[in-house]
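Listed below are the residues making up each chain.
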Amino acid sequence: MNLLIRRHHGSFAPFKLQPTIERDIKSLCKNDLLFDAIHLLNSIPSHKNFTQKPILYATLLQTCTKCQSFNHGLQLHSHVIKTGLETDRFVGNSLLALYFKLSSDFIETQRVFDGLYFKDVVSWTSMISGFIRVGKPRCSLDLFKGMLGLGVEPNGFTLSSVIKACSELGDVNQGRVCHAIVFRLGFDNNHVIASSLIDMYGRNYTPYDARNLFDELLEPDPICWTTVISAFTKNDLFEEALGFFLSILRKHKMSPDSYTFGTILSACANLGRLKQGKEIHSKLITSGIQDNVVVDSSLIDMYGKCGSLNESRQMFDRMSKPNSVSWCALLNGYCQKGDFDTVINLFREIKEVDLYSFGTLIRACAGLASVRQGKEVHCQYLRKHGCRYVIIESALVDLYAKCGSIDFAYKLFKQMEVRNLITWNSIISGFAQNGRGLDAIQMFNDMMNEGMKPDGISFIGVLSGCSHAGLVDEGREYFMIMKKKYGIEGDVAHYSCMVDMLGRAGLIEEAESLIMESRFEDDKSLWTTLLGACSTSSDFIVAERVGKKMMELDPDYHLSYVLLSNVYRAIGRWSESDKIIGVMKERGIQKTLGKSWIDIDV
C-alpha cells in the first residue's frame, strides 16, 4: 500500500509501538496535527506490531474527519480492511463518521454502515440523521423502526433526529408515536427532546399540543420557551406568542436570546403592533444585543410590515454587513407598501441575490404589471440559479398572467416539473383575470384530477372563471361544494364572485338575497358589485333599493351616488339622476379620478 505522505516509501504494516510513540501520535491527533501524526506512524519499522491498534486507528480516523482530510481517511480505510480492524466497534463508528461528514456520496456512507460488523446506537443514529440531511426523512423513520426491531435502544440524539424526520414529513401521527417512545424511555424531561417535540407539533399545525407539552415541563429552559413561541407564530397565533414572551420577562425573569427576540418581532410584525415592536427594540438595546444580523433583519421586517418604512430603511443602513435576509426584509416592506419602483431600484444594488429576493422582485413586477421588467428578472433568475424552484416559477406564472401574457404563463406552467397548490392557483386565477373562464374551469378540474386539494384561493379563481364564462349553474355547484365537501367558509371575495356572476346573468334579486343571507350583509364592496350589475339591468326597482342601501352603509362613498345616477340615466330618469348628483355635491363628496399607466422603453 502507498503511504499517506508521499515523501515516505514504507507501508502501514503491523508493528509494535513503544508506549511513548503511541502517546505522541495520540497527542498530535489531539492537537489536530494529522500530517505529523502520520509522519511519526510511517517512521516505525515495518516488522513491529501494534499494542493498541484499534484505538490508534480510530483516533487517526477521527483526526482525518476533524481536519477534513478525506483522502487520507480513505487510505486508512483501505488499511483497516486489510488488517481486519473493521470488526472493531470504535474503528467502525470512526469510519462511518468520516464518510458521513466528508463524503459527497451518501450511498458510499450507507455501504460503510451496511458493512459494519458491530452496529451500536451511535452507528444507527449517524445513519438516521444522515438520511434527514440528504432529504430522505422517510428512510430515516424506516431505519429507526429497523433499529427498534433489532432491540437497539435509542438515545437522546436518536430521538431528536427521528422527531425532526416527523417534522419534515408533516406526519403528526408518527410524531405522537415518537412522543410515546420518549415518555416510555424517560426522556420526557430532556429539554432538547422536549424542544424538538414542541417544534414538531408547531410545524404540523397542532400548536395547542405544543402548548400542552410545554405546560408539562417542570422547569422549561429558554430554548423551550423560544420554541413554543415559534410554534405559535408559525400557526399565526401571534397574540399567544406575544403573551408568552411577556410572561418570560415579567414572571420568569429570563433573559431572551437573539432567536427569541427575532421570533417575537415577527409576531409584532404580523399583528402590526408598531408600539410594542418599538418597546422590544428598546429592550434589545438595554440587553446589549446589537449588530446581530438575525435580530436586525427581524427589526427591518417588523418596521416594514408596520408601515414605518423610514425606520426600516434606517435600521438597514445602520447594519455593518446586511445579508440576503436583510435585503429581502427591506424589499418586502416596500413591496407591501406598493412602492414597487423602489423595490426594483434596490434590487439592482444587491450583489448576491437569493431566491426569496427574486420572489419579492417578481411580486413587484406583477404589481406594476410590467412584463418587460418581469422578463428581465426572469432572465437574471435563469442565469444566476439555473435550477428550477417551484416557488419562483409559480411567482413567474402569476407575473405573466397579471401582465396579460396568459399564453406565456401557461407555457411556463406546462414546462414545470413540479407544481404545488400555489402554481395551480396562479394559472387558474390568471385565466379568470384574462377573461378565459372556460380555461380557468378546465385548470381547476385538472388540478382536482391530479389529487390536489383546493383551498379558498382556488375557489375564488374558479368562481371568477364561471362568472366570465356565464356558467351560472356550474358556479352555484362550486360554491356549494366549497363548504360541504371541503369545509371552506366563503369570505367576501367568494361572495363577490357569486354576486358578480349572478349580476352578469341578470339574476339581481338572487344576488341581493345571497348578500342578505350571508354574514357580510353590511359589506359595502358586495353592494357596490351588485349596484354595478344593476346599471346594465332593466330592474330599476332593485337597483334603486341597492343604491339607497349603499348610501346608508357609507354616505361618503362616491360610487354609491355615481352608480345609482348611472342606473337612473340608463332607464331615462334624467331628473332623478341629476338629483342624485346634486345631493353628492351638497355633501361635498368628490368623485375619485381614475388613473392608469403605461410602460415606455427609454
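Rules used throughout
Residues numbered from 1 in each chain as written. Predicted model: local features only at pLDDT ≥ 70, side-chain atom pairs only at ≥ 80, totals over all residues. Heavy atoms only, no water. Helix = DSSP H or I, 4+ residues; strand = E, 2+ residues; numbered from the N terminus. Buried < 20%, exposed > 50% of the residue type's maximum accessible area, 1.4 Å probe, protein only. UniProt positions renumbered as here; feature names shortened; annotations may be inferred. Patch = residues over 30% accessible without salt bridge, like charges linked within 9 Å, V, L, I, M, F, W, Y side chains within 5 Å. Areas by Shrake-Rupley, 256 points an atom, 1.4 Å probe, with all protein chains shown as cover. Salt bridge = Lys/Arg side-chain N within 4 Å of Asp/Glu carboxyl O. Axes fitted to C-alpha atoms, helices over the stretch in contact; angles between N-to-C directions. Parallel < 35°, antiparallel > 145°, perpendicular 65-115°, else oblique. Contact = heavy atoms within 4.5 Å. Disulfide = S-S within 2.5 Å.

Colleague: Is there a simple way to explain unusual backbone geometry in this structure?
Modeller: Trans peptide bonds make up most of the peptide bonds, and negative phi angles are found at most residues other than glycine. Even without being glycine, Tyr-205 reaches a positive phi, approximately 65°. Locating Tyr-205 in the fold gives a position in the loop between helix H11 (191-203) and helix H12 (207-216). The exposure class assigned to Tyr-205 is exposed, which follows from its relative accessible area of 64%. Within the chain, Asp-236 stands out as a residue other than glycine whose phi angle is a positive 60°. Along the polypeptide, Asp-236 turns up in the loop between helix H13 (222-234) and helix H14 (238-250). Accessibility expressed as a relative area gives 55% for Asp-236, which makes it exposed.

Colleague: I would appreciate a short explanation of the UniProt feature "repeat: PPR" (unreviewed entry) in the chain in the present structure.
Modeller: With numbering matched to this structure, UniProt assigns "repeat: PPR" (unreviewed entry) to residues 120-154, 221-256, 257-291, 323-357 and 420-454. Overall, residues 323-357 shows 71% helix and 0% strand. The separation of its end C-alpha atoms is 11 Å.

Colleague: Any chance you could explain a nonpolar patch on the surface here in plain terms?
Modeller: Nonpolar side chains collect at one region of the surface, where Phe-540, Ile-541 and Ile-571 lie side by side and expose about 240 Å² of accessible area between them. The residue Ile-571 is located in the loop between helix H33 (558-570) and helix H34 (574-586) in this model.

Colleague: Sorry, what's going on with the packing of H11 against H13 here?
Modeller: Each pair of packed helices gets described by two things: the angle between the helix axes and the distance between those axes. Across the interface, H11 lies against H13 with an axial gap of 8 Å and an inter-helix angle of 5°. Relative to H13, the element H11 is oriented roughly parallel. Contacts between H11 and H13 involve His-191, Ser-195, Ile-198, Asp-199, Gly-202 and Arg-203 on the former and, on the latter, Ile-223, Cys-224, Thr-227, Val-228, Ala-231 and Lys-234.

Colleague: When you look at the side chain of His-77 in this model, what are you seeing that I'm missing?
Modeller: In this fold, His-77 is placed in helix H4 (residues 70-83). His-77 sits in the buried class, given a relative accessible area of 14%. Those residues within four positions of His-77 in sequence are excluded, and the remaining contacts are Leu-95, Tyr-99 and Val-112.

Colleague: Would you take a moment to explain the pattern of salt bridges for this structure?
Modeller: Pairs can form between side chains of opposite charge whenever their charged atoms are close. Across all of its chains, the model carries 21 salt bridges by this definition. Glu-239 is the salt-bridge partner of Arg-273, the closest N and O atoms lying 2.2 Å from each other. Of this pair, Arg-273 sits in the loop between helix H15 (258-271) and helix H16 (274-286) while Glu-239 sits in helix H14, and the two are 34 residues apart along the sequence. On the basis of relative accessibility, which here comes to 26%, the residue Arg-273 falls in the partly exposed class. The exposure class assigned to Glu-239 is partly exposed, which follows from its relative accessible area of 43%. For Arg-436, the salt bridge identified is with Asp-407, shortest N-O distance 2.8 Å. Taken together, the residues span a long stretch of sequence, with Arg-436 in the loop between helix H25 (421-433) and helix H26 (437-449) and Asp-407 in helix H24 (residues 406-415) at a distance of 29 residues. On the accessibility criterion, Asp-407 (53% relative accessible area) is exposed.

Colleague: Would you mind showing me how to read the state of the cysteines here?
Modeller: Any covalent bond linking the sulfur atoms of two cysteines counts as a disulfide. In this structure the tally under the stated criterion is 0 disulfides. No disulfide involves Cys-306; its sulfur sits 7.4 Å from the nearest other cysteine sulfur, which is in Cys-268. As a non-bridged cysteine, Cys-497 has Cys-466 as the owner of its nearest cysteine sulfur, 9.5 Å distant.

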